[in-house]
Amino acid sequence: MIEIKFFHDVLCPYCFIATRRLMNVAKDYKDQVIVRHKSFMMISSLEDLKDIAPTIEEVRELFKNEFSILKKYIPDYDPEKVINKGKIGYVWSLPPQMACKAAEFQKGDEGHWEYYKRAQEKLFFEGEDITSDDVLIEIAKEVGLDVKRFKEDFKSKKAKLAVIQDEEEAHAMGIHGVPAVLINDKWLIRGVQTEDYYRQVIEDLIKNGGEPKNVNLKAYWEQ
């Protein structure tokens with residue numbers, strides 16, 4: 001069995017692309033690959049964000065620039081149209097990451113992935129404030145979670161600690177940005193990769209007992 005730890009943040013546009021590519025690949029190796037989801041906060045402090053962008057206009061311009069990254073991968077994507085909906089303000093990583101953990105508590109890694117994917121769609125395509133309780137609860141309903149339990153979990157100390165533990169694990173392995181994929185707690189792949197590359201890596205590791213022979217991989221301590 002190949003274990004993939006996928007470190008990501010709901011706010012990360014590169015993660016938006018990476019998760020869809022990895023999803024498409026992982027579903028073809030259900031009996032041979034397991035994907036575990038790990039939180040990593042790009043904006044870990046609301047106060048830090050306010051220092052960088054003191055006004056709502058500045059913070060929306062900041063996010064518009066981040067959202068523009070998606071145009072490289074989705075040519076007809078219009079970040080200005082999304083931002084101009086006026087719902088996105090001081091958005092930071094912890095609330096949606098805790099919500100993803102609450103989904104994971106109910107439905108494991110698949111639940112985390114499903115919730116995370118829908119939260120990113122809400123943010124990048126619908127321009128919703130995914131730090132809003134109402135939005136996070138609505139996502140829980142949309143992905144079929146037990147909403148009562150979700151409400152108990154998504155602001156819990158347990159969820160916050162789960163996010164922090166993932167972050168500490170990432171830092172211990174030299175991961176300081178996302179998306180990042182750690183395979184079998186050894187091989188680290190950084191950034192957005194093509195579906196073909198993910199397939200090549202998985203096939204190589206499966207055929208060679210977890211050791212790469214045809215794909216050049218580096219252990220996390222070598223990077």
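Cut-off values and rules
- Residues numbered from 1 in each chain as written.
- Predicted model: local features only at pLDDT ≥ 70, side-chain atom pairs only at ≥ 80, totals over all residues.
- Heavy atoms only, no water.
- Helix = DSSP H or I, 4+ residues; strand = E, 2+ residues; numbered from the N terminus.
- Rg over C-alpha atoms; globule rule 2.2 N^0.38 Å.
- Buried < 20%, exposed > 50% of the residue type's maximum accessible area, 1.4 Å probe, protein only.
- Contact = heavy atoms within 4.5 Å.
- Salt bridge = Lys/Arg side-chain N within 4 Å of Asp/Glu carboxyl O.
- Pairing = 2+ DSSP bridges.
- Axes fitted to C-alpha atoms, helices over the stretch in contact; angles between N-to-C directions.
- Left-handed = near helix turned anticlockwise from the far one by under 90°.
- Nonpolar A, V, L, I, M, F, W, Y, C, P; charged D, E, K, R; others polar.
- Core = buried A, V, L, I, M, F, W, Y, C linked by side-chain atoms within 4.5 Å.
- 1 Å grid on protein atoms, 1.4 Å probe; cavity = no way out; pocket = protein on both sides within 12 Å on 5 of 7 lines; lining within 4 Å.
- Points joined across faces, edges and corners; volume = space filled by probe spheres on them.
- Expected span 1.5 Å × (residues − 1).
- Bend = angle between axes of the 7 residues up to and from the residue.

## Points about the overall build of the chain
And then number 1: Of regular secondary structure, the chain possesses 9 helices and 5 strands.
And then number 2: Element order for the chain, N to C, with α for helix and β for strand: β-α-β-α-α-α-α-α-α-α-β-β-α-β.
And then number 3: Relative to a compact globule of 223 residues, whose C-alpha radius of gyration would be 17 Å, the chain shows 18 Å and is just as compact.
And then number 4: Put simply, the chain has 223 residues, and 52% of those count as buried.
And then number 5: Sequence-distant contacts, at least 24 apart, represent 74% of the contacts inside the chain between residues at least 6 apart.

## Quick word on unusual backbone geometry
And then number 1: Here the bond from Val178 into Pro179 is cis, since omega is 5 degrees, no more than 30 degrees from zero.
And then number 2: Position of Pro179 relative to the elements: it lies in the loop between α8 (157-172) and β3 (180-183).
And then number 3: For Asn184, which is not glycine, the phi dihedral falls at a positive 50 degrees.
And then number 4: Considering the arrangement of structural elements, one finds Asn184 in the loop between β3 and β4 (187-190).

## Regarding the environment of Lys158
And then number 1: For Lys158, the position within the fold is in helix α8.
And then number 2: Overall, Lys158 belongs to the exposed group, its relative accessible area being 53%.
And then number 3: The spacing of Lys158 and Asn84 is 74 residues in sequence and 35 Å in space, taken between C-alpha atoms.

## Observations concerning the pattern of salt bridges
And then number 1: All told, the structure shown has 22 salt bridges when counted by the stated rule.
And then number 2: A salt bridge links Glu142 to Arg118; its shortest N-O distance comes to 2.6 Å. Here Glu142 is found in helix α6 (residues 133-142), whereas its partner Arg118 is found in helix α5 (residues 94-124), with 24 residues between them in sequence.
And then number 3: Look at Glu142 and you get partly exposed, because its relative accessible area is 37%.
And then number 4: With a relative accessible area of 18%, Arg118 lands in the buried category.

## Overview of the pairing of β4
If a strand is regular, its side chains alternate between the two faces of the sheet.
And then number 1: In this structure, β3 lies alongside β4, joined through 4 bridges in antiparallel fashion. If you follow Ala180 over to β4, its bridge partner there is Arg190.
And then number 2: Remark: 3 residues form the turn of the hairpin made by β3 and β4, two consecutive strands paired antiparallel; Asn184 in that turn has positive phi of roughly 50 degrees.
And then number 3: The pairing of β4 with strand β5 (residues 218-219) spans 2 bridges and is antiparallel. The residue of β5 that forms the bridge with Trp187 is Ala219.

## Side note on the packing of α5 against α6
And then number 1: It is at 9 Å that the axes of α5 and α6 come closest, and there the two elements cross at 115 degrees. Along this stretch, α5 crosses α6, giving a crossing that reads as right-handed. In contact with Pro95, Pro96, Ala99, Tyr115, Arg118, Ala119 and Lys122 of α5, α6 contributes Leu136, Glu138, Ile139, Ala140 and Glu142.
And then number 2: Its residues assigned to classes, the contact of α5 with α6 comprises 8 nonpolar, no polar and 4 charged.

## Section: the nonpolar core
And then number 1: Membership of the largest hydrophobic core comes to 75 residues, with the highest contact counts inside it found for Ile4, Phe63, Phe67, Tyr115, Phe150 and Ile183.
And then number 2: Of all the elements, α5 adds the most residues to this core, at 12 residues.
And then number 3: Once residues lying within four places of it in the same chain are set aside, the contact partners of Tyr115 are Ala99, Cys100, Ala103, Leu136, Ile139, Ala140, Val143, Leu145 and Phe150.

## Section: empty space enclosed by the protein
One way to see where empty space is left: roll a probe the size of a water molecule over the atoms.
And then number 1: Inspection of every chain in the model, using the stated rule, returns 1 cavity of 30 Å³ or more.
And then number 2: The space that makes up the largest cavity amounts to roughly 30 Å³.
And then number 3: Lining the largest cavity are Ile4, Leu22, Val181, Ile183, Ile189, Tyr198, Val201 and Ile202.
And then number 4: Taken together, the elements giving at least two residues each to the lining of the largest cavity come down to β3 and α9 (195-207).
And then number 5: With 3 residues, the top contributor of residues to the lining of the largest cavity is α9.

## Looking at α5
Because an α-helix packs 3.6 residues into every turn, residues spaced three or four apart end up facing the same way.
And then number 1: With 31 residues, α5 extends only 17 Å from end C-alpha to end C-alpha; this falls clearly short of the ideal 45 Å at 1.5 Å per step.
And then number 2: At Lys107, α5 shows its maximal bend, which comes to roughly 140 degrees.
And then number 3: Counting buried positions along α5 yields 23 of 31 residues, so the element is predominantly enclosed.

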